[in-house]
Amino acid sequence: MVNIVGSGAFDLELDLAALSNTLGGIAEYEPEIYPAMYLRVCGQDGPLATIYGTGKFIIVGSDNKDNLFYVKEEVAAAITEAIEQPINVEWFEIQNYVHKGDIGRELDLNALTIDLGLTKIEYEPEQFPGIIYRSDEYGCVVLIFRSGKVVVTGTESKSDAETAYREIIEQIEELFE
């Protein structure tokens, strides 16, 4: 597992410019580039919270569920301290589990497109450098690259992400034996 994405909403709107100034180095707000503030409460290598003026937010970069919920609480605490009034999370949920790995060999994507079944595959190398494989069984998308790297995204559970990843790897390995 590489990344768990969660989203939620606070119970009030936020003045992102003032909030960013108060939070200092852990916040980044450049409204001319993107209309949200980025906040890292666990250091530069930790998960990233993207916070909108409406109070909605997204957290990416957690490698486990407990850490995701911890970061949510730390974000709420940092904002509460900065605005000097309590802020509550109205709702928060996991949106997506992302799993990635490497097969360890280069792949012939043209051959793989045919072997995996054209009805589940999108492959337009002029637009995207990998195969987009849609799994009906797990309701996810699997990205397969010539380098052998594989990314599973769009699952709502860790076990579905891991199972979809394992199954696509097995299918690919069978095709190249």
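Bear in mind that the values here come from a model prediction, so they are computed numbers and not experimental data.

Counting residues in each nonpolar core, the largest one holds 25 residues, and the members touching the most others are Phe10, Leu14, Leu23, Ile51, Val75 and Ile79. The biggest single contributor to this core is helix α2 (residues 65–83), with 7 residues. The residues contacting Leu14, other than those within four sequence positions of it, are Leu19, Ile51, Tyr52, Gly53, Gly55, Ile79 and Ile87. If you look at the next biggest cluster of nonpolar residues, it comprises 19 residues, including Leu109, Val150, Ile168 and Ile172.

Here we come to the pattern of salt bridges. For the structure shown, the criterion picks out 4 salt bridges. The residue Lys149 makes a salt bridge to Asp102 at a minimum N-O spacing of 3.0 Å. Of this pair, Lys149 sits in strand β10 (residues 149–155) while Asp102 sits in strand β6 (residues 89–102), placing them 47 residues apart in sequence.

Running from amino to carboxyl end, helix α1 (residues 16–23) crosses α2 at an angle of 95 degrees, the nearest separation of the two axes being 10 Å. Overall, the two elements α1 and α2 adopt an arrangement that is roughly perpendicular. Side by side, α1 and α2 meet where Leu19, Thr22 and Leu23 of the first sit next to Ala78, Ile79, Ala82 and Ile83 of the second. Residues of the contact of α1 with α2, tallied by class, amount to 6 nonpolar, 1 polar and no charged.

Turning our attention to the packing of helix α3 (residues 109–116) against helix α4 (residues 158–175). Remark: α3 packs on α4, axes separated minimally by 11 Å, with the N-to-C direction vectors making an angle of 110 degrees. By the criterion of interaxial angle, the relationship of α3 to α4 is roughly perpendicular. For the pair α3 and α4, the crossing hand works out as right-handed. Across the interface between the two elements, Leu112, Asp115 and Leu116 from α3 touch Ile168, Gln171, Ile172 and Leu175 from α4. Residues of the contact of α3 with α4, tallied by class, amount to 5 nonpolar, 1 polar and 1 charged.

Take the pairing of strand β4 (residues 48–52) next. Sheet faces and side chains relate simply in a regular strand, where the side chains alternate between the two faces. Burial of β4 is extensive: 5 of the 5 residues sit out of reach of the surface. Side chains Leu48, Thr50 and Tyr52 project from β4 onto one buried face, and the interleaved Ala49 and Ile51 project onto a second face that is buried too. The pairing of β4 with strand β5 (residues 56–62) spans 4 bridges and is antiparallel. Directly across from Leu48, in β5, lies its bridge partner Val60.

Right, let's get into the environment of Tyr38. Note that Tyr38 resides in strand β3 (residues 36–39). Distance from Tyr38 to Tyr70, taken between C-alpha atoms, is 17 Å for residues 32 residues apart in sequence. Ignoring sequence-local partners within four residues, the contact set of Tyr38 consists of Ile26, Ala27, Glu28, Leu48, Ala49 and Thr50.

Before going further, it helps to examine α1. An α-helix turns once per 3.6 residues; consequently, residues spaced three or four apart project the same way. Looking at α1, one finds that the buried residues are Leu16, Leu19, Ser20 and Leu23. Mapping the buried residues of α1 onto a view down its axis gives an arc of 100 degrees, with all of them on the same face. Of the exposed residues in α1, the ones pointing more than 90 degrees away from its buried face are Asn21 and Thr22. Structurally, α1 contributes buried residues whose contacts are with β2 (27–29), β3, β4 and α2. One side-chain oxygen of the residue at the start of α1 lies 3.3 Å from the amide nitrogen of Ala17, identifying that residue as Asp15. One or two positions beyond α1, positive phi appears at Gly24, with a value near 70 degrees.

Time to look at the environment of Thr50. For Thr50, the position within the fold is in strand β4. When its relative accessible area of 10% is taken as the criterion, Thr50 is described as buried. The spacing of Thr50 and Thr113 is 63 residues in sequence and 36 Å in space, taken between C-alpha atoms. In contact with Thr50, other than residues within four places in its own chain, are Tyr34, Ala36, Met37, Tyr38, Lys56, Phe57 and Ile58.

Reading the values: the criteria
- Residues numbered from 1 in each chain as written.
- Predicted model: local features only at pLDDT ≥ 70, side-chain atom pairs only at ≥ 80, totals over all residues.
- Heavy atoms only, no water.
- Core = buried A, V, L, I, M, F, W, Y, C linked by side-chain atoms within 4.5 Å.
- Buried < 20%, exposed > 50% of the residue type's maximum accessible area, 1.4 Å probe, protein only.
- Helix = DSSP H or I, 4+ residues; strand = E, 2+ residues; numbered from the N terminus.
- Contact = heavy atoms within 4.5 Å.
- Salt bridge = Lys/Arg side-chain N within 4 Å of Asp/Glu carboxyl O.
- Axes fitted to C-alpha atoms, helices over the stretch in contact; angles between N-to-C directions.
- Parallel < 35°, antiparallel > 145°, perpendicular 65-115°, else oblique.
- Nonpolar A, V, L, I, M, F, W, Y, C, P; charged D, E, K, R; others polar.
- Left-handed = near helix turned anticlockwise from the far one by under 90°.
- Pairing = 2+ DSSP bridges.
- Arc of directions from axis to C-beta.
- Polar contact = N/O pair within 3.5 Å; in protein donor to acceptor, adjacent residues only side chain to side chain.

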